[in-house]
Amino acid sequence: MQAWKTRFTILDADLMLWGQLLLGALVIVAGALLLHAILRPIAVRLTRFSPLLSSVVRRCDNPARWALPVIGLLIAAQGVPDTMPGINGVQHLLGVLCIVAIAAVAAGAITGVANGVALMNPADVEDNLAARRIQTQTKVLARVAKGAVMLTALAFILMTFPRAKQVGASLLASAGIAGLVFGLAAKSVFGNLLAGLQIAMAQPIRLDDVLIIQGEWGRVEEITSTYVVLKIWDERRLVIPLQWFIENPFQNWTRTSSSILGTVMLWVDFTLPVNELREKATIMCKGSAHWDGRVCGVQVVETTERTMQIRVLVSAKDSGKAFDLRCELREGLIAWLQKTHPQSLPRVRALVEDIPAPSAPVLKPSLPPSPAP
């Protein structure tokens, strides 16, 4: 009976102590949230002049709201005696939560830096080559950095479990065949990751670049850590692994500049005055909103026994305007030919003579020689 009373007395003391700890934890959480509420407007006000820092503050706001109470509880838990029942489990849980919270804050800061760099280098301007280059590098490197943060956090969490260390040692001891199998299985994954780093550094492609891949025309809509999304002109999406760009040739129409040349091919009769066509093409280019004023040339590039081929070479600021300008010139020049020089449209000539066709000579059948008497 005395033993039961002693046990109940100890249990009551433990419950009372845990109640005090819970009350203290609530005070710490409330204080941490109050500290966050006080520091947040100060940080926003101090960073309002910098788009980069302002973006980092916004992205770290929610993770920091949860990280501060967890860090405060972990610090307070270190002062609790180890003889307190269950305190070791609580300290371990708080340690894991603290690692997760710090990783979330770091990931938010990385995302904030990437968004801030994108805001400082907008791609919706006319000459956006440098902006697209910087945004491509920033997004790819941000994804790699966040992946490294998550892997590091997972490693630290596993290191807090004693059994996980033993499992890791066992895996290292038996890493011969397993490592070979894993390496072969993950070859494409690691290849794409390395290709992503190569693309981020060398930049054969960037966001919003115009590419021709396997006969498809489209713009780079998204670059992830493993693949590229190409938005084709008819709203389809072509998903291509990053390693494909390292191993295969492709066309990049905006590698150094978005300006491009376009051609309009016409087949006309030899009677067409080329100078008049050249003057008409020049007038149409000057009156078009798609022409950039650089190139407008008309040349006879080929002749056949029936027609001559004329090439109208024009320039535009980007491929979309070049396509519209080509269509505009093609329609306008055909209408001009129909109206002013209909006789110069392609035709097939034939010479008709009022002379009877020569008749074939009539051959008399040859008689066999008569037999000798």
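Residues numbered from 1 in each chain as written. Predicted model: local features only at pLDDT ≥ 70, side-chain atom pairs only at ≥ 80, totals over all residues. Heavy atoms only, no water.

Caption draft 1: Spatial organisation of the packing of helix 9 (residues 274-286) against helix 10 (residues 319-340). Where helix 9 meets helix 10, the closest approach of the two axes is 11 Å, and the angle between their N-to-C directions is 135°. Accordingly, the angle class assigned to the pair helix 9 and helix 10 is oblique. Crossing geometry of helix 9 relative to helix 10 is assigned as right-handed. In this structure, helix 9 uses Glu-276, Leu-277, Lys-280, Ala-281, Met-284 and Cys-285 to contact helix 10, whose residues at the interface are Glu-328, Leu-329, Gly-332, Leu-333 and Trp-336. Of the residues that constitute the contact of helix 9 with helix 10, the class distribution is seven nonpolar, one polar and three charged. (Axes fitted to C-alpha atoms, helices over the stretch in contact; angles between N-to-C directions. Helix = DSSP H or I, 4+ residues; strand = E, 2+ residues; numbered from the N terminus. Parallel < 35°, antiparallel > 145°, perpendicular 65-115°, else oblique. Left-handed = near helix turned anticlockwise from the far one by under 90°. Contact = heavy atoms within 4.5 Å. Nonpolar A, V, L, I, M, F, W, Y, C, P; charged D, E, K, R; others polar.)

Caption draft 2: Structural detail: the confidence of the model for the protein. When pLDDT is averaged across the protein, the result is 78; 76% of the residues are at 70 or more. Taken element by element, the predicted model of the protein shows its lowest mean pLDDT in helix 6 (residues 175-185) (43) and its highest in strand 8 (residues 308-316) (94). Across residues 7-11, where pLDDT falls below 50, the model places zero contacts with residues more than four positions away in sequence or in other chains. This stretch, residues 168-186, has a pLDDT under 50; its non-local contacts, to residues over four places away or in other chains, come to two contacts. (pLDDT = per-residue confidence, 0-100.)

Caption draft 3: Up close: the pattern of salt bridges. Per the counting criterion, the structure on display carries nine salt bridges. The residue Asp-234 makes a salt bridge to Arg-236 at a minimum N-O spacing of 2.8 Å. Under the relative-accessibility criterion, Asp-234 is labelled partly exposed at 31%. (Salt bridge = Lys/Arg side-chain N within 4 Å of Asp/Glu carboxyl O. Buried < 20%, exposed > 50% of the residue type's maximum accessible area, 1.4 Å probe, protein only.)

Caption draft 4: View of the nonpolar core. Counting 19 residues, the largest nonpolar core has Leu-272, Leu-277, Ile-310, Val-312 and Leu-329 as its most contacted members. Within the residue set of this core, elements represented by two or more residues are strand 6 (260-268), helix 9, strand 8 and helix 10. Other than its neighbours up to four places away in sequence, Leu-272 contacts Leu-277, Met-308, Ile-310, Trp-336, Leu-337, His-341 and Ser-344. Of all hydrophobic cores here, the second largest spans 14 residues; its members include Ile-199, Val-220, Val-228 and Leu-230. (Core = buried A, V, L, I, M, F, W, Y, C linked by side-chain atoms within 4.5 Å.)

Caption draft 5: The sheet that holds strand 7 (residues 296-303), seen in detail. Pairing in this open sheet of three strands is antiparallel, and the strands run 6-8-7 from one edge to the other. Two strands in the sheet have a free side with no partner beyond their single neighbour: strand 6 and strand 7. The average undirected angle you get between the axes of adjacent strands in this sheet is 25°. Both strand 7 and strand 8 contribute to a ladder of seven bridges, which runs antiparallel. (Pairing = 2+ DSSP bridges.)

Caption draft 6: Summary view of the sheet that holds strand 2 (residues 216-223). With antiparallel pairing, the five strands of this open sheet are ordered in space as 4-3-2-1-5. Of all the strands in the sheet, the pair left with one neighbour each is strand 4 (237-241) and strand 5 (251-252). Relative to strand 3 (residues 227-232), strand 2 is paired through five bridges, and the arrangement is antiparallel. Within strand 3, the position partnered with Ile-223 by the bridge is Val-228.

Caption draft 7: Structural context of helix 9. Its 13 residues give helix 9 an end-to-end C-alpha distance of 18 Å, which sits within 8% of 18 Å, the value for a rise of 1.5 Å per residue. Taken together, the buried positions of helix 9 are occupied by Val-274, Leu-277, Ala-281, Met-284 and Cys-285. Looking straight down helix 9, one finds that the buried residues subtend no more than 100° of arc, so they occupy a single side. Along helix 9, the residues that are exposed and aim more than 90 degrees away from the buried face are Asn-275, Glu-279, Ile-283 and Lys-286. Among the structural elements, strand 6, strand 7, strand 8 and helix 10 are those in contact with the buried residues of helix 9. (Expected span 1.5 Å × (residues − 1). Arc of directions from axis to C-beta.)

Caption draft 8: Broad picture of the side chain of Ser-344. Tracing the sequence through the fold places Ser-344 in the segment after helix 10. Owing to a relative accessible area of 0%, Ser-344 belongs among the buried residues under this scheme. When neighbours within four sequence positions are excluded, Ser-344 is seen to be in contact with Val-268, Asp-269, Thr-271 and Leu-272.

Caption draft 9: Geometry of the environment of Pro-51. Summarising the element assignment, Pro-51 is placed in helix 2 (residues 51-77). With 61 residues separating them along the chain, Pro-51 and Gly-112 place their C-alpha atoms 9.6 Å apart. Setting aside its immediate chain neighbours within four residues, Pro-51 contacts Gly-116 and Met-120.

Caption draft 10: Inspection of the pairing of strand 4 at higher detail. In terms of strand pairing, strand 3 meets strand 4 through five bridges, oriented antiparallel. Across the sheet, Val-228 pairs through a bridge with Ile-240, a residue of strand 4. Taken together, strand 3 and the strand that follows it, strand 4, pair antiparallel across an intervening segment of four residues, in which Glu-235 is found at a positive phi of about 75°.

Caption draft 11: Inspection of a nonpolar patch on the surface at higher detail. On the surface, Leu-34, Leu-35, Ile-38, Leu-39, Ile-42 and Leu-46 cluster together to form a nonpolar patch covering roughly 570 Å² of accessible area. With a relative accessible area of 66%, Leu-46 lands in the exposed category. (Patch = residues over 30% accessible without salt bridge, like charges linked within 9 Å, V, L, I, M, F, W, Y side chains within 5 Å. Areas by Shrake-Rupley, 256 points an atom, 1.4 Å probe, with all protein chains shown as cover.)

Caption draft 12: Examining the environment of Val-229 more closely. Following the sequence through the fold, Val-229 ends up in strand 3. The exposure class assigned to Val-229 is buried, which follows from its relative accessible area of 9%. Taking the C-alpha atoms as reference points, Val-229 and Arg-219, separated by ten residues in sequence, lie 8.5 Å from one another. Residues contacting Val-229, with those up to four places away along its chain left out, are Arg-219, Val-220, Glu-221, Glu-222, Arg-237, Leu-238 and Val-239.

Caption draft 13: Quick peek at the packing of aromatic side chains. Overall, the coordinates contain three aromatic pairs when judged by the stated rule. Note on Trp-244 and Phe-245: the rings are 5.6 Å apart at their centroids and 85° apart in plane angle, and the pair reads as edge-to-face. The exposure class assigned to Phe-245 is buried, which follows from its relative accessible area of 5%. Relative to Phe-250, the ring of Trp-244 has its centre 6.5 Å away and its plane inclined at 35°; by these criteria the two rings are tilted. The partly exposed category is assigned to Phe-250, whose relative accessible area is 22%. Every member of this aromatic cluster is reached through a ring pair, and the members are Trp-244, Phe-245 and Phe-250. (Phe/Tyr/Trp six-rings, centres within 6.5 Å; stacked < 30°, edge-to-face > 60°.)

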